[in-house]
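Overview (structure and organization)
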Amino acid sequence: MPEPSRWHVPVLADQAVEALVWRKDGSYVDATVGDGGHAEKICERLAGGGRLLALDRDPEALERAADRLNQYKDRVIFVRASFARLDELVENAKLGPISGILFDLGVSSRQLDEPERGFSHRLKGPIDMRMGPDTETPAATIVNEWPERELARLFRVFGEEPHAASIARSICQSRSRRPLTTTSDLVEAIGRRGTRPEKTLSRVFQALRIAVNDELASLKRVLELVPDMLERGGRLVVISYHSLEDRSVKEWMRMEARGCICPPTVPECRCGHFPRMRTITRRAVVPTSQEIAENSRSRSARMRVAERL
């Protein structure tokens, strides 16, 4: 049998980099570098003074990415940080106006496959789910200490789970006997009132992960920073993996492509809003059937692209 690849294959890699890199000598940001798959393809296209700022909250991910991109080390700046402070990080790197920013959101395949990270309901490990050591509160704290009502709201809002209330009740009943310490404990608690389907387990784990890492709030904050960092013609590429992320990106792009956003009842514009971005992808770009066959985790990926006016 052939030896498995050392690196994980990035999702929508060719499509993302094709949309992102329009100037070979430009400055780019991979805000979630992970294993460095997208970053490697970006670097292959750079020339002249082209630079790349590679960010990740996970120090192990940055080490792997640095190893993978060793031949391009003269044009890559690695920083361990959350992209929520992107404007500050770009300024510190002295990159100036940015030609393109890539966000490959969510948890990486490698993180899912590491039991000790606690991201997967299929693997036994601690209920952690922290993207990096800068995150203080693990998922176990939420599972064992949040009130039932707050848990139900979390699963309903961040997991879009229709049985949120009964799952929260079941978890609280389980933890009253003993604290939930492993992902297996949590899976058992979720399924106490009967076997829960795979989708339900995924939704509950997703909701916890989003809460632990403040993912949606961080995404909304950073999107507001993007237009002021991009040069004219600069590109924003976002790959998301669940409807909450994709909806946030879609709505933000739609708003930034509009002029006046005053209510229809206002006779003349008072908001002073003007369009700053142009949406390139009218519909989200999705993986091909071949890519899904080769990487089943790419199935839920949605890519959207916008350009700075």
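The rules behind each value
- Residues numbered from 1 in each chain as written.
- Predicted model: local features only at pLDDT ≥ 70, side-chain atom pairs only at ≥ 80, totals over all residues.
- Heavy atoms only, no water.
- Helix = DSSP H or I, 4+ residues; strand = E, 2+ residues; numbered from the N terminus.
- Buried < 20%, exposed > 50% of the residue type's maximum accessible area, 1.4 Å probe, protein only.
- Contact = heavy atoms within 4.5 Å.
- Phe/Tyr/Trp six-rings, centres within 6.5 Å; stacked < 30°, edge-to-face > 60°.
- Pairing = 2+ DSSP bridges.
- Axes fitted to C-alpha atoms, helices over the stretch in contact; angles between N-to-C directions.

**Examining the environment of Pro287**
Positionally, Pro287 belongs in the loop between strand 6 (277-279) and helix 13 (289-294). For Pro287, a relative accessible area of 9% puts it in the buried group. In sequence terms Pro287 and Val11 are 276 residues apart; their C-alpha atoms lie 7.7 Å from each other. Once you skip the residues sitting within four places of it in the chain, Pro287 turns out to touch Leu12, Ile292, Ser298 and Ala301.

**Considerations on the packing of aromatic side chains**
The description of an aromatic ring pair rests on the distance of the ring centres and on the angle between the ring planes. Applying the stated criterion across every chain yields a total of one aromatic pair. Ring centres of Phe83 and Phe103 lie 5.1 Å apart, and the angle between their planes is 80°; on these two criteria the pair is classed as edge-to-face. Remark: Phe103 occurs in strand 4 (residues 98-104) and Phe83 occurs in the loop between strand 3 (76-80) and helix 4 (86-92); sequence separation between them is 20 residues. When sorted by exposure, Phe83 lands in the same class as Phe103, which is buried.

**What about the sheet that holds strand 6?**
What the seven strands build is an open sheet, ordered 3-2-1-4-5-7-6; its pairing is mixed. Across the chains shown, the open sheet's two edge strands, defined by having one partner strand only, are strand 3 and strand 6. Each adjacent strand pair in this sheet contributes to an overall mean axis angle of 15°, direction not counted. Of the strand pairs in this sheet, strand 5 (residues 230-240) and strand 7 (residues 302-308) are connected by six bridges, and their pairing is antiparallel. Along strand 7, the bridge assignment pairs Ile239 with Met303. Contacts from helix 1 (residues 13-20) reach strand 1 (27-30), strand 4, strand 5 and strand 7, with the element oriented near 165° to strand 5. Packed onto the sheet, helix 11 (residues 215-229) meets strand 4, strand 5, strand 6 and strand 7 and runs at close to 150° relative to strand 5.

The analysis is restricted to geometry; functional conclusions fall outside its scope.
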